[in-house]
2 protein chains.
Amino acid sequence: MIKVVLLGSGNVASHLANALASAANVDLLQRYGRSERNNSFFDSGIPFTTHLNALQKADVYIIAINDDSIEGFSKSVEHLKGLVVHTSGSVPMAAIDNKLRKGVLYPVQTFSKGKALDFKLVPLALETENEDDYRLLYELGTSISDVVIRVNSSQREKLHLSAVFANNFSNYMFLTAKDICDDHDLSFDILRPIILETAQKIMNTDPLIAQTGPARRNDSKVIEKQLLSLEGEKKEIYRVLTNAIKKRYQR
Amino acid sequence: MIKVVLLGSGNVASHLANALASAANVDLLQRYGRSERNNSFFDSGIPFTTHLNALQKADVYIIAINDDSIEGFSKSVEHLKGLVVHTSGSVPMAAIDNKLRKGVLYPVQTFSKGKALDFKLVPLALETENEDDYRLLYELGTSISDVVIRVNSSQREKLHLSAVFANNFSNYMFLTAKDICDDHDLSFDILRPIILETAQKIMNTDPLIAQTGPARRNDSKVIEKQLLSLEGEKKEIYRVLTNAIKKRYQR
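It should be emphasised that the depicted structure is a prediction, and the values quoted were computed from it without experimental measurement. (Residues numbered from 1 in each chain as written. Chains lettered and ligands numbered in written order. Predicted model: local features only at pLDDT ≥ 70, side-chain atom pairs only at ≥ 80, totals over all residues.)

Chemist: Explanation requested: unusual backbone geometry in the structure shown.
Modeler: The bulk of non-glycine residues show a negative phi, and the bulk of peptide bonds are trans. Residue and element names in this part refer to chain B. The residue N38 is not glycine, and still its phi comes out positive at about 75°. Turning to its location among the elements, N38 is positioned in the loop between β2 (26–32) and β3 (48–49). N38 sits in the partly exposed class, given 16 other C-beta atoms within 10 Å. Of note, the phi angle at D185 is positive, near 55°, even though the residue is not glycine. With respect to the secondary-structure elements, D185 resides in the loop between α4 (153–183) and α5 (192–202). (Helix = DSSP H or I, 4+ residues; strand = E, 2+ residues; numbered from the N terminus. Buried ≥ 20, exposed ≤ 12 C-beta atoms within 10 Å, placed from the backbone.)

Chemist: Before we go on, may I ask you to explain the relation of the copies chain A and chain B in this structure?
Modeler: Note that the two copies of the chain are related through a rotation about an axis and a translation along the same axis. With an RMSD of 0.0 Å, chain A superimposes on chain B once it is rotated by 180° and translated 0.0 Å along the axis. Here the two chains are linked by the operation of a two-fold rotation axis. Looking at the rotation axis and the C-alpha trace of chain A, the residue lying nearest is S170 of chain A, at 2.4 Å. Of the residues that chain A buries at the interface, 100% are likewise interface residues in chain B, meaning the two copies contact each other through the same surface. (Least-squares fit on C-alpha atoms with pLDDT ≥ 70 in both. Contact = placed C-beta atoms within 7 Å.)

Chemist: So what exactly am I meant to see when it comes to the interface of chain A and chain B here?
Modeler: When the parts of a complex come together, some accessible area is lost, and that lost area is often taken as the interface size. With 70 residues of chain A at the interface, the matching set in chain B holds 70 residues. Ranked by residues supplied to the side of chain A that touches chain B, first place goes to helix α4 (residues 153–183) of chain A with 24 residues. Along the lines of polarity and charge, the residues of the side of chain A that touches chain B split into 41 nonpolar, 19 polar and 10 charged. (Nonpolar A, V, L, I, M, F, W, Y, C, P; charged D, E, K, R; others polar.)

Chemist: Sorry, what's going on with the domain arrangement of chain A here?
Modeler: Residues and elements named next belong to chain A. Domain boundaries in chain A define domain 1 (2–151) and domain 2 (156–248). Its C-alpha centre places domain 1 at a distance of 35 Å from the equivalent point of domain 2. Residue-level contacts link nine residues of domain 1 with five residues of domain 2. At the level of elements, β6 (101–107) and β7 (124–128) are the ones that each hand at least two residues to the side of domain 1 that touches domain 2. (Domains from an automatic or database assignment.)

Chemist: I'm lost on helix α1 (residues 11–21) of chain B in this one. Help?
Modeler: Since the α-helix packs 3.6 residues into each turn, any two residues three or four apart lie on the same face. Within α1 of chain B, eight of the 11 residues are buried, which leaves the element mostly enclosed by the surrounding structure. All buried positions along α1 of chain B are accounted for by V12, A13, S14, H15, L16, A17, A19 and L20 of chain B.

Written out as structure tokens, the structure reads:
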């Protein structure tokens, strides 16, 4: 049994808590939070503390808190003996205090509070300082997910960067589409099915094949007309993406 | 019963054919194609012709062909007496020859050959020249879809423009993410779950609320680092989208 203490009260922590609590060879000893806020999102059967000096002895401590707080927080637990990992895609492993055994367990997924999700399908990117710690973290990772990969710091940075495009920037495309709808008395509901289908297509299609639209077929008549109808940031986004798509397919 | 003749052999035509053939109050009399190519994607029970002078007399003719071909093709069927509609989001209704009764039935969805899809959930944006034709097209639209809206030419243009963002540009975000993965020995499979979850979240969340990431939280440390690691089109896309997101949330 791997003894785990979870530190955090946010979305990632709540999904991790469920996954850890139901894993066969994991003993989720305790969860720490600064306050009891958000406790309703957690199984009340998990022992909870707001006191850092009351942390149990564990094999792995998982810091699932805001990116900006990881470095400072790790200093406040520098007495811990187990492996201490954070869950961020963008924060360097080195942000964890040097007195600690360090690692990263980065779940490549977007989590929403209260929205269930099969954690077994969440890819986990693991990073540690040495082989022994990797074996421990790998054992923990594979107990909660079916998709575990080992990355180095540079690869994790690139993975996070690609997730910014796949998740954050695609969401902004949806938001821009909604803004256009809102400006022209069109319900955004009309676009929801095409958004879902676009993503579902990518589950078994290379996005290079799936690409369609005026830029892909270099339809300058439509492109000119659509550019003329836009202004400000939307126009610049349209121009930059259209040029990039045209260039990408000239390869 | 509304008598319909379908003209076309592509993705949209094949999905329309299935929907029309199974609609209770629609009689799909015939399908026209330039050749027998793609006939395997269509129900062999639908009478098929390659001869424009053999077209049956129908209430509605649906031209489901390439955008660029609509105008020219409509001239070759200017003898038809029924309502003639095209299915394009971006082509003006006026592209249909003036000797014909004109309309548009624009399915706001992305179709893949051979990939089943519940047509009842595909939003249809309808446009006609007059009320009588609208009533006819509305009756046809509601027999194959549960989501039918009336639009004018200007709204349809905006709807198509918003679909370019929601579908084409979001797919390009997925492609860019894959390119980054490919460049760094990371499997794109790692990103597929977050792509699906991003879209599924939007099914019941406003994208304005769903937006996350370095730009949303104005995390200049991560933004600077990610910008430095990019070059060319990817860098420009990152810069333009990050600035747009920052500005959008300053409102």
